[in-house]
Amino acid sequence: MYQSIPLSEAANLIQDSQTIALGGMTVYRRPVAFVRELLRRPNRPRDLTLLCFTAGYESDLLVGAGCVGTMRSVYFGLESFGLAPMFTEAAQKGMINILEETEASIVMGMRATMGGVGFMPSRAWIGTDLPKLRPDVKTIIDPYTNEELMAFPAIPCDVAILHGLEADSYGNVKLNNNLGIDMELVYIAKTVIVTVERMVEQVEKSTDSFLLPAPGADYIVHAPSGAWPTSCYPAYPVAGGEFMRYVDACNAGKFDEYLTEFIADRRSDLG
Amino acid sequence: MKSDTQLAIVKMLRIQSADERIQMADFTIDELISVCISRQVVDGEVLAQGINTPLVMAGFILAQCTHAPNVRFASAIGQSLCREWAPLGVGRIEDLWLGKALIHVGFAAAAADLLPSYNPKEFFRPAQVDACGNFNNVAFGHDYHRPRLRLPGTGGIPDVTTTSDHIYLYVPRHSKITFVEKLDFISGMGHTPERKHGHGVNYLISDYGQFDWANGRMRLTSYHPGVSIEQIQKKTAFQLEIAPDVHETPPPSDEEIRLLREDIDPLNVRKLETLGGGARKDLLREILAQENAL
């Protein structure tokens, strides 16, 4: 049974050293309002493990604010808008632990968790340097063909945070079809928080959206413009100018000033 | 022997500056790259479209508009299969891949099920590539924990290059920074004895020429108009093989140029990959303004 809670309460669910997953893809439908609320906490979370299929602006803010101990994603950047500046700097200074992931390692790791097994085998990586960059990932011999395969370990997840278009009082949520790994995150996370653009009487099924029915979400939060400046198709596009402003600020050494402004932004606050 | 052929051809070619090249031609380098990508497409193929690779997207759509009407696009954005296309965008790119998709499968199924089964053709943009066609998109520098430049990451490159038959590369700016003797990290697998499945890189296009790996080492097959073989070798940190029938890259047709400029990419999104610095930033701002996405 889901609960409807305010954004501040949702942000307080996150504890130090947890693995949290942020839904959506790079600059599309990311839970930015949730990240803002997390950064508004007087005691910001520390040493988080951040799990994203592709990480972007929302994750870069958390890295810049010193909340992230370990990063797991197949890509961390801002697409057309360039490198993610705070992640890039943290990586180059050795200030963040990176678990180098690829599409196969994240997908097989999630499938292992979903299936309740320790690993899933794959032909990926063999012959590249990836096994050296991830000495924790072991190989296994296929018992039928004797071929050596990667044994991608199960990926745990404490809390997944997704952003969607709408939700209703039954706990149904409408996402869009740029789904990333949102559905798998719902399955593997112990707790699922979904922020939405609007609350409606009843979420209707449609071909141009993705319906996440109850009991997927544990907590639903009303957060209008909650993905901005990432997009929330079809409600609004990527606010590219804001990404350019962010990159310029970081490159000028003004991340802290940007963060102060970001936290003060009230576009997703109710009342 | 190799260098004799090379020298003979170099003598036949006039060496010009990049500026002269652009003044002389009625097409730009981004257009030539997209046209060459288009010409690598075979009708009926499934084409995998990655993220932030507009030169490839323009080439794929151009192929469908010209000689390959039955191709299907497997897009990372929306994790979809599409038949129809829409003009390229940045802020509103989802209009294309979400508005026109036939199915959406999510990224888990796209990566683990759809791509390995359909074995699509895909163009990757390497940060470093060696003579054997191994490539790197992890980081620059020897120390993984303190890299000189950390790159965004490898996406699905270590997964598909170890199994796929249809790996293609493109390099918008040919230099010794990209074409290196030794990679810092191997994330994309080329022509190596360790390979158990699939096929090493088939083809590479840069802003200087086209290349294949017919003998397992990178081989120049054509030089772009106004570029000499000597120039290309100078910008490459390892010895290039030269194809016996090396020739000038055939220029785009008027119709190909018209399709790119007027129909496929009127906002010039593809040029974001060939421009740098302030010029790139100005174009990006201009595109976003026209999309009402600033």
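Residues numbered from 1 in each chain as written. Chains lettered and ligands numbered in written order. Predicted model: local features only at pLDDT ≥ 70, side-chain atom pairs only at ≥ 80, totals over all residues. Heavy atoms only, no water.

Asker: How do you make sense of the overall build of chain A when you look at a structure like this?
Answerer: Each helix and strand counted, chain A has 9 helices and 15 strands in total. For chain A, with 271 residues in total, the buried portion stands at 64%. Considering only intrachain contacts with a sequence separation of at least 6, the fraction spanning at least 24 residues in chain A is 73%. Accessible surface computed for chain A: about 10,100 Å², of which carbon and sulfur atoms make up 51%. Of the side chains in chain A, 22 bear a positive and 33 a negative charge, and the two mean positions are spaced by 2 Å. (Helix = DSSP H or I, 4+ residues; strand = E, 2+ residues; numbered from the N terminus. Buried < 20%, exposed > 50% of the residue type's maximum accessible area, 1.4 Å probe, protein only. Contact = heavy atoms within 4.5 Å. Areas by Shrake-Rupley, 256 points an atom, 1.4 Å probe, with all protein chains shown as cover. Lys, Arg positive; Asp, Glu negative; His and termini not counted. Charge placed at Lys NZ, Arg CZ, Asp CG, Glu CD.)

Asker: Is there a simple way to think about the sheet that holds strand β12 (residues 209–212) of chain B in this case?
Answerer: What holds strands together in a sheet is hydrogen bonding between their backbones, with the strands either parallel or antiparallel. Residues and elements named next belong to chain B. Reading across from one edge, β4-β3-β2-β1-β5-β10-β11-β12-β13-β14 is the order of the 10 strands in this open sheet, with mixed pairing throughout. Because the sheet does not close on itself, it has two edges, and the strands there are β4 (101–104) and β14 (241–248). Direction aside, neighbouring strands of the sheet carry axes that sit 20° apart on average. Here strand β1 (residues 46–49) pairs with strand β2 (residues 72–75) via 4 bridges, running parallel. In the sheet register, Gln-49 faces β2, and the bridge partner there is Ser-75. Where helix α4 (residues 54–65) meets the sheet, it contacts β1, β2, β5 (121–124) and β10 (167–171), and its direction lies at approximately 155° from that of β1. (Pairing = 2+ DSSP bridges. Axes fitted to C-alpha atoms, helices over the stretch in contact; angles between N-to-C directions.)

Asker: What should I look at first to understand a nonpolar patch on the surface in this one?
Answerer: Residue and element names in this part refer to chain B. Together, Leu-102, Ile-103 and Val-105 make up a nonpolar patch on the protein surface, roughly 250 Å² of accessible area in all. Along the chain, the position of Val-105 falls in the loop between β4 and α6 (106–118). Overall, Val-105 belongs to the partly exposed group, its relative accessible area being 31%. (Patch = residues over 30% accessible without salt bridge, like charges linked within 9 Å, V, L, I, M, F, W, Y side chains within 5 Å. Salt bridge = Lys/Arg side-chain N within 4 Å of Asp/Glu carboxyl O.)

Asker: What is the right way to look at the environment of Gly-106 of chain B in this model?
Answerer: With respect to the element layout, Gly-106 of chain B can be found in helix α6. Under the relative-accessibility criterion, Gly-106 of chain B is labelled buried at 7%. Remark: the alpha-carbon pair of Gly-106 of chain B and Val-46 of chain B, spanning 60 residues in sequence, is separated by 17 Å. Among all residues touching Gly-106 of chain B, those that are not within four sequence positions of it are Leu-179 and Gly-180 of chain A together with Gln-79 of chain B.

Asker: What exactly am I supposed to notice about the interface of chain A and chain B here?
Answerer: One frequent convention defines the size of an interface as the accessible area lost when the parts assemble. Across the contact, 54 residues belong to chain A and 55 residues belong to chain B. Taken together, the two surfaces of chain A and chain B that pack against each other cover about 4,500 Å², and 59% of this comes from carbon and sulfur. Taken together, the connections running from chain A to chain B amount to 3 salt bridges. For Arg-150 of chain B, the salt bridge identified is with Glu-100 of chain A, shortest N-O distance 2.9 Å. Here the element with the most residues in the side of chain A that touches chain B is helix α5 (residues 103–115) of chain A; it accounts for 6 residues. Looking at the side of chain A that touches chain B, its residues break down into 27 nonpolar, 15 polar and 12 charged. (Buried area = accessible area lost by both parts, 1.4 Å probe. Nonpolar A, V, L, I, M, F, W, Y, C, P; charged D, E, K, R; others polar.)

Asker: Before we go on, may I ask you to explain the packing of aromatic side chains in this structure?
Answerer: Two numbers describe a pair of aromatic rings. These are the distance of the centres and the angle of the planes. This structure, assessed with the given rule, holds 18 aromatic pairs over all chains. Consider the rings of Phe-81 of chain A and Phe-243 of chain A, whose centres lie 5.2 Å apart with planes at 25°: the pair is stacked. Of this pair, Phe-81 of chain A sits in the loop between β6 (75–76) and α4 (85–92) while Phe-243 of chain A sits in helix α8 (residues 240–251); the two residues are 162 residues apart in sequence, bridging distant segments of the chain. Taking the relative accessible area as the measure of exposure, Phe-81 of chain A reaches 9% and is therefore buried. Aromatic pair Phe-179 of chain B and Phe-211 of chain B: ring centres 6.5 Å apart, planes at 40°, arrangement tilted. With a gap of 32 residues between them, Phe-179 of chain B in the loop between β10 and β11 (203–206) and Phe-211 of chain B in strand β12 connect regions that are remote in the sequence. With a relative accessible area of 0%, Phe-179 of chain B lands in the buried category. (Phe/Tyr/Trp six-rings, centres within 6.5 Å; stacked < 30°, edge-to-face > 60°.)

Asker: Looking at this structure, I do not really get unusual backbone geometry. What am I missing?
Answerer: Backbone geometry follows two general trends: most residues other than glycine have a negative phi, and most peptide bonds adopt the trans configuration. Residues and elements named next belong to chain A. A cis geometry characterises the amide bond from Ala-214 onward to Pro-215, with omega recorded as 10°. Looking at the secondary structure, you find Pro-215 in the loop between β14 (210–212) and β15 (219–222). Pro-229 follows Trp-228 through a cis peptide bond whose omega is 10°. Mapped onto the elements of the fold, Pro-229 is located in the loop between β15 and α8. Positive phi outside glycine occurs at Arg-29, with the angle close to 55°. Here Arg-29 shows up in the loop between β2 (19–22) and α2 (32–40).

Asker: Even after reading the chapter, I still don't get the domain arrangement of chain A, so can you show me in this structure?
Answerer: Here chain A is partitioned into domain 1 (3–100 + 156–265) and domain 2 (119–153). One C-alpha centre belongs to domain 1 of chain A, the other to domain 2 of chain A; they are set 31 Å apart. (Domains from an automatic or database assignment.)

Asker: Please explain the pattern of salt bridges as it appears in this structure.
Answerer: Where charged atoms from two side chains of opposite charge come close, those side chains can pair. Residue and element names in this part refer to chain B. Counted by the stated rule, this structure contains 33 salt bridges over all chains. Among the ionic pairs, Glu-31 bridges to Arg-261, the shortest N-O distance being 2.7 Å. Of the two residues, Glu-31 is situated in helix α3 (residues 29–39) and Arg-261 in helix α9 (residues 254–264); the sequence distance between them amounts to 230 residues. Residues Glu-31 and Arg-270 are paired through a salt bridge, measuring 2.9 Å at the closest nitrogen-oxygen approach. Of the two residues, Glu-31 is situated in helix α3 and Arg-270 in the loop between α9 and α10 (277–290); the sequence distance between them amounts to 239 residues. Across the pair, exposure class does not vary: Glu-31 and Arg-270 are buried alike. Beyond isolated ion pairs, a larger network of salt bridges with shared partners links Asp-30, Glu-31, Arg-261, Asp-265, Arg-270 and Lys-271.

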